[in-house]
Amino acid sequence: MPTISLNLPPSLVESGVGFSFEIMGNICNSKFLATVTQLSDVDLLSLKNGVADTIQNSVDLAGLLFGAGLEVDIISAAADNGSWRFFDAFIPAIMKTGRTEVSTELLVAVGGDVASHIALADFRGAMRVPVQTGFFCYRAAEAIMQTFKTAEVQKDAVAWAKMRNQLHISEEALRRIKLHADWARHGQAGVITDPERAQLLVVTQKMIRRYLDYLLRVKAPLNVGDYPTIE
């Protein structure tokens, strides 16, 4: 299995949402060490995401040349004062503490539903690729929307309305996701802060979990008393 080694040239990165940083470093045997100089105030997770995106650009180039799908994963960072921060796969805004069990009934329902496969895979992408969060969240929503089409009803607008009405999701909630999806869907450059990203993940997680409950109820409309509208 090939390993990647390359030097990252010093560069100044402007985030586009009010913060910037300088970065330099190297990748040796598929592990990277980078020195980052923060030039403006920003929350730590937004900075981490910006650094990961910058390094990912070089890694994507190496992946193209090697013919390998490679992904950057920042596991720790140290500040000048000697303090350390370790990162994991959990997203603070949506992380559930304690024990979580997945019922056999739900596993069976998901196993037989293609739309849920697409939505869950896209939600994984939304969690793993910060700058593409809006794109993946909206595509998850679109996968669910497709299930509300019938032989008689094939128009997206009608299916979106049925989805919103039966799962109790506001049009504004979906519009906010789409706002951060359109530029990515059309190959344009864009930015998203970690707080903005957290809002999209919270709404999309609720939407997918609600769709799974809808599956368990054999696609019967949900009761708004039990499922308040997702705003």
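Okay, so let's go over this structure. (Residues numbered from 1 in each chain as written. Predicted model: local features only at pLDDT ≥ 70, side-chain atom pairs only at ≥ 80, totals over all residues. Heavy atoms only, no water.)

**Describing the side chain of Arg210**
Rules: For helices the rule is a DSSP run of H or I covering at least 4 residues; for strands it is a run of E covering at least 2, with both sets numbered from the N terminus onward. In this analysis, two residues are considered to be in contact whenever any of their non-hydrogen atoms come within 4.5 Å of each other.
Tracing the backbone shows Arg210 in helix α8 (residues 194-216). Discounting residues that sit within four places of it in the chain, Arg210 has contacts with Leu167, His168, Leu222, Tyr227, Pro228, Thr229 and Ile230.

**Description of the nonpolar core**
Let me state the cut-off plainly: The nonpolar core is taken to be a set of buried Ala, Val, Leu, Ile, Met, Phe, Trp, Tyr and Cys residues, with the residues joined through side-chain atoms within 4.5 Å. Burial classes: relative accessible area under 20% of the type maximum marks a residue as buried, over 50% as exposed, and values in between as partly exposed (1.4 Å probe, protein chains only).
With 41 residues, the main nonpolar core has Ile144, Met163, Leu167, Ile169 and Tyr211 as its most contacted residues. Looking at this core, the elements with two or more residues in it are α2 (104-111), α3 (114-128), α4 (133-146), α5 (156-167), α6 (171-179), α7 (182-185) and α8. Sort the elements by how many residues they give to this core and α8 lands first, with 9 residues. Counting 16 residues, the second largest nonpolar core, distinct from the first, contains Ile4, Leu8, Ala62 and Phe87.

**A closer look at the environment of Val224**
Note that Val224 resides in the segment after α8. Excluding anything up to four places from it in sequence, Val224 contacts His168 and Thr229.

**A closer look at the layout of surface pockets**
Note the threshold: Buriedness of a pocket was judged along seven lines, with at least five required to meet protein on both sides within 12 Å; pockets are open sets of points on a 1 Å grid over the protein atoms alone, cavities are sets where a 1.4 Å probe fits but cannot get out, and lining residues have an atom within 4 Å of a point. Grid points are joined across faces, edges and corners, and a volume is the space filled by probe spheres set on the points. When residue character is reported, Ala, Val, Leu, Ile, Met, Phe, Trp, Tyr, Cys and Pro are called nonpolar, Asp, Glu, Lys and Arg charged, and the others, Gly included, polar.
Estimates place the volume of the largest pocket at around 1,400 Å³. For the largest pocket, the lining is made up of 48 residues, of which Ala89, Ile91, Ile94, Phe123 and Met127 are closest to its centre. For the lining of the largest pocket, the secondary structure elements donating two or more residues are α1 (44-66), β5 (84-86), α2, α3 and α8. Its residues placed into classes, the lining of the largest pocket shows 28 nonpolar, 5 polar and 15 charged.

**Description of the packing of α4 against α5**
Note the threshold: Lines are fitted to the C-alpha atoms to define the axes, a helix being fitted only along its stretch in contact, and any angle between axes, read from their N-to-C directions, falls within 0 to 180 degrees. Should an angle fall under 35 degrees it is taken as roughly parallel, and over 145 as roughly antiparallel, whereas 65 to 115 is taken as roughly perpendicular and any remaining angle as oblique.
Close contact between α4 and α5 brings their axes to 9 Å; oriented N to C, the two are set at 95°. Classified by the angle between their axes, α4 and α5 sit roughly perpendicular to one another. On α5, the residues that touch Tyr138, Ala141, Glu142, Ile144, Met145 and Gln146 of α4 are Asp156, Ala159, Trp160, Met163 and Leu167. Residues of the contact of α4 with α5, tallied by class, amount to 8 nonpolar, 1 polar and 2 charged.

**What about unusual backbone geometry?**
Non-glycine residue Asn29 carries a positive phi angle of around 55°. Residue class for Asn29 comes out partly exposed when judged on its relative accessible area of 48%. Backbone geometry places Ser30, a non-glycine residue, at a positive phi of 70°. Residue position: Ser30 is located in the loop between β2 (20-28) and β3 (31-38). By relative accessible area, Ser30 is classed as partly exposed at 45%.

**Digging into the pattern of salt bridges**
What counts is decided by this rule: Think of a salt bridge as a Lys or Arg side-chain nitrogen and an Asp or Glu carboxyl oxygen that are within 4 Å of each other.
Inspection of the entire model under this criterion finds 10 salt bridges. Arg128 serves as the salt-bridge partner of Glu71, at 3.2 Å between the closest nitrogen and oxygen. Of this pair, Glu71 sits in the loop between α1 and β4 (76-78) while Arg128 sits in helix α3; the two residues are 57 residues apart in sequence, bridging distant segments of the chain. The class for Glu71 is partly exposed, based on a relative accessible area of 46%. For Glu142, the salt bridge goes to Arg185, with nearest N and O atoms at 3.1 Å. With a gap of 43 residues between them, Glu142 in helix α4 and Arg185 in helix α7 connect regions that are remote in the sequence. Here Glu142 falls in the partly exposed class, since its relative accessible area comes to 22%. A relative accessible area of 33% means that Arg185 is categorised as partly exposed. Linked through salt bridges whose partners overlap, the residues forming this network are Glu142, Lys178, Asp182 and Arg185.

That's the geometry; what it means functionally is another story.
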